[in-house]
Amino acid sequence: MMTIIKRTLFILSVVLFCCKMNVIAAGQEAVYLQTDRTTYIAGESVFYQLYVFDLVTKKRSDLSKVGYIELRAPKSDPALKIWVKVDAGMASGSLVLPDTLPSGVYQMVAFTSVMKNFGEQYFFHKEIMIVNRFDKKLDLRSVKSSSNDSSQYHRTDKLPWIKTDKAVYGPREKVIVTLGKTDIKANVAVSVYEEPQIKATEKSIVETLNECVVPATKLTSTAYLPESKARILRGRVIDETTREGVQAATVFLSCLDSVANLQYASTDSNGIFQMLLSDYYSGKELFFTIKDMPVGQKWKMEIEDNFILSEKWKPELISYKRDFKDYIYKSQDIVYINKSFGLDESVNENPIFENKPNCPQLYRSTVKSVYPSDFVPLDSFPEIVIEILPTVKLTRHDGKYQAYVMISSQGNTYSDREPLIFLDGVYVDDIQKIIDLNSAKIKKIDVLDNVRILGDLIFYGAVSIISKSNEIISTVPAPNSLRYKNENRNVGKSFVVVNPDSIKDHHTPFFKQLLYWNPNLELKKDDNTAFDFYTSDNTANFIIKVEGISENGTPISASSVIKVNNPINVTVK
Amino acid sequence: MRHYISFAFLLICFSINAQNNVIKSVSEVDSIFSPKLTGGFYVQERQYQGDLFFNNKFVKSDILLSTGEMLYGELLKYNGYLDEVIWMNHTNYKQFIIDKAYISDFWTKDSLDHPAHFRRINVRDTTISHRDIFVEVVIEGKLSLYIQHQILCIPDEITYSSDGQARYIKTFEPMPLYYIKLPSDKYLKMHKLGRRSFLNLFPEQKKSIYRLVKKNHLNLKSVKGLIGTIDLMNKESIID
């Protein structure tokens, strides 16, 4: 009997342990970044498709809704930083490489917020070559790596098989590509690009997923939360004298708008506060203020950079053995020709927001609005209060003003607590900032004469001033305030296949190194998938590259080559 | 045996601890970033007779906000006189009227602990203007039935205290309104339950509804009978 109990207990615990190991990994992610090419000329667009995987199931992750991509050169700060909206484990778009980027090898780093908990070694890294359009010396070096040379392998043996209607095409000819059916529905990114004569090291999605390991690091109380709803902004309130985090401080967030808006968060025992940044805040300047900082205290706010990488990239660089200069010169010429003729029309702008984002409006109830332009001009805010705002009272002690609002629900008596003051939708950290505003500068004043609640915060009335020329921008933030520019999410452009027959002027050049890019092609379970595009006047070998993942988590990686020949040249030969 | 037990215990402890780490971080997102309710201070009525609320007790309720976000377990009660949702803030125990436009639906309980689902709908008032009202969702289908648990204040009653002073006491009485939503999204309003008033709402289908009511012995003077009738009308597709 004891033996049975003993064995059962042991088996149970082992099973439980194994199950829990899976749970530990749940919420742990890996990413894969597929780009349209591996070699670019500065000024071109990099089209990308980001896949976010669950490390346990290897399926696309539903957890993170935000992904981060950085581009950096060796031993340098990031040249580009973007964040993207991830939907069902996928995000696509493009980023324009600045014209001024110096030639060299660059690293693309991709990650999600939860991946930061386990260290940068778990981030996705990929090298691309960027050449400046005016660089003719071309002293390029590549990263010494044991990875595959992408230009060397064209696998067609793995699913999905790639079939073209021909093997060799002429210029401006239609190409029909068929991808074989898969066991289960899958999403793949497909690019057709000129085979680069320059070595590029990159891992396929299959290799990346096979090499993924589940990090064993234990989460701490300061761990990064998954951005499962929207982007999370983290900051810290610290005591400047002790450099320690301040617990239970309330931080206000608002931004420039025509309505008073407010969001708040409280700091934890480490002084960390976190705020959910909905699309409403995208691309806006954020105004943070520590509410009710005790007199005599020196508190400071720090906002964490979501992109921060702890170390610079220091790869071992080696010289190229193959001659690539002609290929690069041609690429530079093609970019130059297309720019000169304004032929960058193969890209379309995507819509920025699908839905209008919700503004965190402070009040929706009726307020008393006053337009100073309806009255005789008044020289300052105290004068405005006396003359046209009967429900507001200003007092002055030791040269400092204090405002009070008559609260209707308290028998129309002035509250003994100060109301919230807003200027151009932003919470004002110091009332002195509005004192000098006169009738000529103020467009509208809203007075909220009621006790209001926002979450757990109660406030006694509010005065919201909308100025004629966004006066809040020219105000200087108080020591307990901070301004922070919130980057817009990257949407980029989408690739459009150009039919050469649609070009009216036949003298217009038509040279392309990227013939096709589709970040999200759905492969069917029971039928082949076909797509088409056109060749250009650029005669070369073109790689058809397919990378993606099926619904059951099977990575898909395949490539093939087509040739574009000039028939005139062939005849001469 | 002792070693086996110790080893098993260690494994269990480790696994439970590890699980907590992840689950905590995932669920934390919802708790930390749960939407914050906004509203105005609620001034309570004093000295009145009758009930102002759908349920006089604050009940743990769930709210679907107009932003599409959910809030769970908030202490609410529906004031039928003001047609507003009163919220008891659990940190300061003060009562607030939640901004009406902020609420899409809420799920609460009546005085008998029966679940009740309320929704904010926009109906045409007698003043021709549209207004938002909270109604209890009773049936949802081709024909939907909503009940507005309206409370009306009847004229002040004068009572005299022992010292002979006159006192005006307000009396509140329930006066429910019944809204039937047609497939065309139009609302039909019933002030009083009854067979005639119900049949008059559907002049074209009057006869077929009459037969249906007769056949199934439905009493349209009761809410139960009204629910049964609309249910059957939906089943037999009397209204297209």
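Residues numbered from 1 in each chain as written. Chains lettered and ligands numbered in written order. Predicted model: local features only at pLDDT ≥ 70, side-chain atom pairs only at ≥ 80, totals over all residues. Heavy atoms only, no water.

What follows concerns the overall build of chain A. For chain A, the count of helices and strands is 6 helices and 35 strands. Per-residue burial for chain A yields a buried fraction of 53% across its 573 residues. Long-range contacts, defined here as pairs at least 24 residues apart, represent 75% of the contacts in chain A between residues at least 6 apart. (Helix = DSSP H or I, 4+ residues; strand = E, 2+ residues; numbered from the N terminus. Buried < 20%, exposed > 50% of the residue type's maximum accessible area, 1.4 Å probe, protein only. Contact = heavy atoms within 4.5 Å.)

Along the backbone of chain B there are 4 helices and 14 strands. Considering only contacts within chain B whose residues lie at least 6 apart along the sequence, 50% involve residues at least 24 apart. Of the roughly 13700 Å² that chain B leaves accessible, carbon and sulfur atoms contribute 53%. (Areas by Shrake-Rupley, 256 points an atom, 1.4 Å probe, with all protein chains shown as cover.)

This brings us to the pairing of strand β6 (residues 90–96) of chain A. All names here are of chain A. With respect to burial, β6 is a largely interior element, 5 of its 7 residues being buried. Inspection of the sheet shows strand β3 (residues 45–54) paired to β6 by 7 bridges, in the antiparallel sense. Bridging from a neighbouring strand, Ser 45 pairs with Val 96 of β6. (Pairing = 2+ DSSP bridges.)

Turning our attention to the sheet that holds strand β17 (residues 272–277) of chain A. Residues and elements named next belong to chain A. An order of β17-β14-β19 is seen for the 3 strands of this open sheet, with the pairing classed as antiparallel. Sheet topology places β17 and β19 (299–303) at the edges, where each strand pairs with a single neighbour. On average, each strand axis in the sheet is inclined to that of its neighbour by 25°, with strand direction left out of account. Bridge count between strand β14 (residues 231–239) and β19: 5 bridges; the pairing is antiparallel. Within the sheet, the bridge partner assigned to Gly 235 lies in β19 and is Ile 303. (Axes fitted to C-alpha atoms, helices over the stretch in contact; angles between N-to-C directions.)

Turning next to the pattern of salt bridges. Going through the model one piece at a time under the given rule, you end up with 26 salt bridges over all chains. Among the ionic pairs, Arg 452 of chain A bridges to Asp 99 of chain B, the shortest N-O distance being 2.7 Å. One end of the pair, Arg 452 of chain A, is in strand β28 (residues 442–454); the other, Asp 99 of chain B, is in the loop between β6 (95–98) and β7 (103–109), on a second chain. Judged by its relative accessible area of 1%, Arg 452 of chain A is buried. Classification of Asp 99 of chain B as buried rests on a relative accessible area of 8%. Salt bridges here are not isolated pairs; linked through shared partners, they connect Asp 36, Arg 37 and Glu 44 of chain A. (Salt bridge = Lys/Arg side-chain N within 4 Å of Asp/Glu carboxyl O.)

Attention now moves to unusual backbone geometry. Located in the positive-phi region is Asp 292 of chain A, a residue other than glycine, with phi close to 50°. Position of Asp 292 of chain A among the secondary structure elements: in the loop between β18 (285–290) and β19. The residue Asp 113 of chain B is not glycine, and still its phi comes out positive at about 70°. Its location among the elements puts Asp 113 of chain B in the loop between β7 and β8 (115–124). What makes Asp 113 of chain B exposed here is its relative accessible area of 51%.

Before going further, it helps to spend a moment on the environment of Lys 58 of chain A. Residues and elements named next belong to chain A. Within the secondary structure, Lys 58 sits in the loop between β3 and β4 (66–72). Considering only alpha carbons, one finds Lys 58 and Asn 210, 152 residues apart in sequence, at a separation of 9.6 Å. Here the side chain of Lys 58 touches Leu 209 through a polar contact of 3.3 Å, landing on its backbone oxygen. (Polar contact = N/O pair within 3.5 Å; in protein donor to acceptor, adjacent residues only side chain to side chain.)

Here we take up the state of the cysteines. In this structure the tally under the stated criterion is 0 disulfides over all chains. No disulfide involves Cys 255 of chain A; its nearest neighbouring cysteine sulfur is the one of Cys 359 of chain A, lying 7.1 Å away. (Disulfide = S-S within 2.5 Å.)

A few words on the sheet that holds strand β10 (residues 162–164) of chain A. All names here are of chain A. Sheet architecture is open: 3 strands sit in the order β10-β12-β33, paired in antiparallel fashion. The open sheet is flanked by β10 and β33 (529–534), the only strands paired with a single partner. Along the sheet, successive strands turn relative to each other by an average axial angle of 25°, direction set aside. As paired strands, β10 and strand β12 (residues 174–179) are joined by 3 bridges and run antiparallel to one another. Looking at the pairing, Thr 164 lines up with Val 177 of β12.

Moving on to the side chain of Ser 464 of chain A. Residue placement: Ser 464 of chain A occurs in strand β29 (residues 457–467). Under the relative-accessibility criterion, Ser 464 of chain A is labelled buried at 2%.

What follows covers a nonpolar patch on the surface. Residues and elements named next belong to chain B. Together, Ile 158, Tyr 160 and Tyr 168 make up a nonpolar patch on the protein surface, roughly 390 Å² of accessible area in all. Locating Ile 158 in the fold gives a position in strand β11 (residues 151–160). With a relative accessible area of 42%, Ile 158 lands in the partly exposed category. (Patch = residues over 30% accessible without salt bridge, like charges linked within 9 Å, V, L, I, M, F, W, Y side chains within 5 Å.)

What follows is about the packing of aromatic side chains. If you walk through the whole model with that rule in mind, you get 27 aromatic pairs over all chains. Note on Tyr 32 of chain A and Phe 124 of chain A: the rings are 5.2 Å apart at their centroids and 70° apart in plane angle, and the pair reads as edge-to-face. You can see Tyr 32 of chain A sitting in strand β1 (residues 29–35) and its partner Phe 124 of chain A sitting in strand β8 (residues 124–131), a full 92 residues away along the chain. The exposure classification of Tyr 32 of chain A matches that of Phe 124 of chain A, with both residues buried. Taking the centre distance of 6.2 Å and the plane angle of 50° together, the rings of Tyr 146 of chain B and Tyr 187 of chain B count as tilted. A residue pair is termed long-range when its members are at least 10 positions apart, and Tyr 146 of chain B in strand β10 (residues 144–148) and Tyr 187 of chain B in strand β14 (residues 187–190) qualify at 41 residues. The class of Tyr 146 of chain B is buried, set by a relative accessible area of 1%. The lysine or arginine in question, Lys 284 of chain A, covers the ring of Tyr 280 of chain A, its NZ or CZ lying 3.6 Å from the ring centre. Directly above the aromatic system of Phe 53 of chain B lies the positively charged group of Lys 77 of chain B, at a separation of 4.1 Å from the ring centroid. (Phe/Tyr/Trp six-rings, centres within 6.5 Å; stacked < 30°, edge-to-face > 60°. Lys NZ or Arg CZ within 6 Å of the ring centre and 35° of its normal.)

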